[in-house]
Every structure is written in structure tokens, then in C-alpha cells.
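# Coordinate inspection notes
Chain residues, written in single-letter form:
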Amino acid sequence: AHLMRAYAYEHLGRVDNARAGFDEAVRTSPDSEATRISRGLFRAATDREGASEDFAVAINIGTSVVAPYALLAFFAVDAGRLDEGERLARAALDRAFAPVPRALILEILATAFLQRTPPQVEEARLLLEEAVRLAPHIAHLQENLARVSTQTTAVTRLDSRVVVSAFRDEAPTLVAA
């Protein structure tokens, strides 16, 4: 009930009420992957540390949902923790079957490869080619592939709002579980 109310408040734009609802859902069910992932997704855009904690709990519970792995991978790569990001991205790929999430995870991996010393440009290019094949309608994937194909290692940074929204689509399924 708390989780559904939190989603309703979020949908209505009542952020403080939504936050309180997600917090109450976690207080009443702290070991629930649904509450942890849902609150993590809510927190991801504004509170990476809090979202990371929720996602880590969901992973420790043994969730098969891709969002915690993918978003923790994104946070790690964005913070320069490349080995951690790559490990989490590969775990996310093992769980992702839909084209758009897979494409974004491949882009996270490609970004990690490009940040390495020396940059692994060819590996990144292959990952981005696969990402574009999976989701040709996502313009920044094509832009990044074009940059890497010309041996440019500076790609367009992923926008955290795009990454979070791509994985939020799983959240309603969690409530029904």
C-alpha cells in the first residue's frame, strides 16, 4: 500500500509525499527488493548515494531486475570506478533482454573502455555498433558511434535522467510482484 501511494504521489508531482511514501515502504519492508528498487529509482536522479544503497541491498537480496545493476554500473563509470562499473554492467547485461536497456548498458561499457588508459577504442566501437543495432532510434548512440569510428575518445556523456528513465519502466512490474 505504501509503495502504491508513493507512486501515486510521484505521478501527481508531490515529491515530498512520494519520498515519505517510499521511505515508509522501506521501513515496513526493508528486505523487499520491490521497495528498495522503487525507492532507488526515485532517488537516482537527486541522491546517488541513497539510490546506490537501495540498489546494493536489492542486489544482495538476489534480485534479477536489471535496473540496480545497470544504474550502479552507470554511477561507477561516471565516478571513474571503471572495474566496478564494468563488472556491474556485465551483470546487468546478463539480466537485460529488452533492446533499449541492453543498448544503454552497452554504452555504459563502451564509456568505461574509452576512459581506460590507453583507451580501448576498438572494443568501444564494437559495443556501440551493437547498441545502435539494438536501438537505432536513440540519437546519442549514433553520435557516439560516429565519434568513436573517427578515433575520437570523447563521447557524449550519458545523461543520468535518460538512464534512470530507461530503467524506471520496470518499476510498475515490481509493485505487482
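Quick notes on the rules
Residues numbered from 1 in each chain as written. Predicted model: local features only at pLDDT ≥ 70, side-chain atom pairs only at ≥ 80, totals over all residues. Heavy atoms only, no water. Phe/Tyr/Trp six-rings, centres within 6.5 Å; stacked < 30°, edge-to-face > 60°. Helix = DSSP H or I, 4+ residues; strand = E, 2+ residues; numbered from the N terminus. Buried < 20%, exposed > 50% of the residue type's maximum accessible area, 1.4 Å probe, protein only. Axes fitted to C-alpha atoms, helices over the stretch in contact; angles between N-to-C directions. Parallel < 35°, antiparallel > 145°, perpendicular 65-115°, else oblique. Left-handed = near helix turned anticlockwise from the far one by under 90°. Contact = heavy atoms within 4.5 Å. pLDDT = per-residue confidence, 0-100. Core = buried A, V, L, I, M, F, W, Y, C linked by side-chain atoms within 4.5 Å.

### Some words on the packing of aromatic side chains
- With the rule as written, the count across this model stands at three aromatic pairs.
- The interplanar angle of 90° and the centroid separation of 5.3 Å between the aromatic rings of Tyr-7 and Phe-22 together place this pair among those described as edge-to-face. A residue pair is termed long-range when its members are at least 10 positions apart, and Tyr-7 in helix α1 (residues 2-11) and Phe-22 in helix α2 (residues 15-28) qualify at 15 residues.
- The exposure class assigned to Tyr-7 is buried, which follows from its relative accessible area of 18%.
- When the ring of Phe-22 is compared with that of Phe-42, the centres are 4.9 Å apart and the planes differ by 35°; the resulting orientation is tilted. A residue pair is termed long-range when its members are at least 10 positions apart, and Phe-22 in helix α2 and Phe-42 in helix α3 (residues 33-43) qualify at 20 residues.
- According to the relative accessible area criterion, Phe-42 is buried, its value standing at 13%.
- The structure contains a cluster of three or more aromatic residues connected by ring pairs, namely Tyr-7, Phe-22 and Phe-42.

### Quick notes on the packing of helix α6 (residues 82-95) against helix α7 (residues 99-115)
- Packing of α6 against α7 leaves a shortest axis separation of 10 Å and a crossing angle of 160°. Considering the angle they form, α6 stands roughly antiparallel to α7. Like other packed secondary-structure pairs, α6 and α7 cross with a definite hand, here left-handed. Of the residues in α7, those in contact with Leu-82, Glu-86, Ala-89, Arg-90, Ala-92 and Leu-93 of α6 are Arg-102, Ile-105, Leu-106, Leu-109, Ala-112, Phe-113 and Gln-115.

### Quick look at the environment of Asp-16
- The residue Asp-16 is located in helix α2 in this model.
- Considering only alpha carbons, one finds Asp-16 and Ala-6, ten residues apart in sequence, at a separation of 9.6 Å.

### Here's the deal with the confidence of the model for the chain
- Taken over all residues, the pLDDT of the chain has a mean of 89, while the share at 70 or more is 89%.
- Mean pLDDT across the elements of the chain bottoms out in helix α11 (residues 171-176) (50) and peaks in α6 (97).

### With respect to the nonpolar core
- One finds Leu-41, Phe-55, Leu-71, Phe-75, Ile-105, Leu-141 and Phe-167 to be the most contacted residues of the largest nonpolar core, which totals 50 residues.
- Mapped onto this core, the elements with two or more residues apiece are α3, α4 (48-61), α5 (66-78), α6, α7, α8 (121-134), α9 (139-149) and α10 (160-168).
- Setting aside anything within four residues of it in sequence, one finds Phe-75 in contact with Ala-44, Arg-48, Ala-51, Ser-52, Phe-55 and Arg-81.
- Core analysis: the second largest hydrophobic core is formed by eight residues, Ala-6, Tyr-7, Ala-18 and Phe-42 among them.

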